[in-house]
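Structure assessment
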Amino acid sequence: MGTISKALEMLDLFSRTRPEIGLSEFVRLTGRDKATVHRHLTSLQQNGFVEQNPTSRAYRLGPAILRLSALRETTHPLRSVVRPIVTEFAKSIGELAHVSILQGKALSPVCFSDPRVHGTQIAFDESEMLPLHATSSGLAVLAFAPPALLKAAIKPPLTAYTPKTLCDPEALAQTLTEVRGAGLSLCEGSFDIEVTSMAAPLFDSTGAVIGALAVAMPQGRADAEKLAALRAPLLAAGKAITLSLGGIAPKA
């Protein structure tokens, strides 16, 4: 991994629950020596990607992130295009729905919507990267991914987030074959032991997979009848998002 990649990788350590990170914590989280971490942070700070809290001296995301995010959305609209579809879909099924986009060997959340019609909701963090092998969104992407990405994504060792996480390459390969046939993926407790999710892949203008639309719910609400009823609207909403982004689904 090059110096630039190592520095930028540190930005992924920020989250909604960890909005500020001190130098010592960065050292612990990255496993790098203090001098190297400080050098990377200095470079990021000089370019506006991080800034320091004047009181605590801890680092937080800087203004360059805001500028680039606004520029990306202006020149290549994504969140503003898919949010209305996600919101309407979530409202129609009465469950949380979210879209995530492929970023390297993980998925980066774009937006989510929760109609909050139930007493128990799913906690969804838009800043949390989603692993490909352990989430329904990830499996939906891997089922249609090019061979190079698939090989890299299922290469052992894989992290077991729960006892139900698929970490065996052969079992994963069989599951992905089933996902390709169905056009949908289903995960029951593989990333969060109490959550069931189902996802449909999203495609770009060349027919390449770029992300997924998923619905997530507590396992107590995910009975067979409900999961069966979700299949058609999930496929339809996934197709609508693909079309809204100028994409086309690959031919079977």
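In this report, we go over the structure that sits alongside the text. This structure is a prediction, so every number in the text was calculated from the model and none was measured. (Residues numbered from 1 in each chain as written. Predicted model: local features only at pLDDT ≥ 70, side-chain atom pairs only at ≥ 80, totals over all residues. Heavy atoms only, no water.)

1. A few points about the state of the cysteines
One way to say it: the disulfide is the covalent bond shared by the sulfur atoms of two cysteines. Note the cut-off: Sulfur atoms of two cysteines make up a disulfide when they are within 2.5 Å. Per-residue accessibility, obtained with a 1.4 Å probe over protein chains only, is compared with the maximum for each type, and a residue is labelled buried under 20%, exposed over 50%, and partly exposed between these values.
Tallied over the entire structure, the rule returns zero disulfides. Distance from the sulfur of Cys167, which forms no disulfide, to the nearest cysteine sulfur (Cys187) is 12 Å. The class for Cys187 is buried, based on a relative accessible area of 6%.

2. Describing the pairing of strand S8 (residues 209–218)
The cut-off we apply is this: Under the DSSP-based scheme used, a helix requires at least four consecutive residues in state H or I and a strand at least two consecutive residues in state E, with every element numbered from the N terminus. A strand pair is defined by DSSP finding two or more bridges across the two strands.
The buried fraction of S8 amounts to nine of the 10 residues, a majority that puts the element mostly inside the structure. Pairing geometry for strand S3 (residues 96–103) and S8, over six bridges, is antiparallel. Among the inter-strand pairings, Leu96 is bridged to a residue of S8, identified as Ala216. Relative to S8, strand S7 (residues 195–203) runs antiparallel, the two being bridged by nine bridges. Counted as the bridge partner of Thr196 is Met217 from S8. Counting the residues in the hairpin turn of S7 and S8 gives five residues, including Gly207, whose phi is positive at 90 degrees.

3. Digging into the packing of helix H5 (residues 79–93) against helix H9 (residues 224–244)
Counted only if it meets this: As a rule, the C-alpha atoms of each element are fitted with a line to give its axis, helices using only the stretch in contact, and angles between N-to-C directions run from 0 to 180 degrees. For classification purposes, an angle smaller than 35 degrees is called roughly parallel, one larger than 145 roughly antiparallel, one from 65 to 115 roughly perpendicular, and anything else oblique. Between two residues, a contact is recorded if the distance between any of their heavy atoms is within 4.5 Å. Only Asp, Glu, Lys and Arg are considered charged in this grouping, and only Ala, Val, Leu, Ile, Met, Phe, Trp, Tyr, Cys and Pro are considered nonpolar; every other residue, Gly among them, is considered polar.
Where H5 contacts H9, the axes come no closer than 10 Å and their chain directions differ by 170 degrees. Between H5 and H9, the interaxial angle falls into the category roughly antiparallel. Contact residues: H5 offers Val81, Val82, Ile85, Val86, Phe89 and Ile93, while H9 offers Leu230, Pro233, Leu234, Ala237, Ala240, Ile241 and Ser244. Of the residues belonging to the contact of H5 with H9, the class tally is 12 nonpolar, one polar and no charged.

4. Regarding the sheet that holds S7
Across the sheet, which stays open at both edges, the six strands sit in the order S5-S4-S3-S8-S7-S6 with antiparallel pairing between neighbours. The sheet is open, and its two edges are formed by strand S5 (130–131) and strand S6 (185–188), each paired on a single side. In this fold H5 packs onto S3, strand S4 (106–113) and S8, with an angle of close to 65 degrees to the strand it touches most, S4. Helix-sheet contacts for H9 involve S3, S6, S7 and S8, and the interaxial angle to S7 is about 30 degrees.

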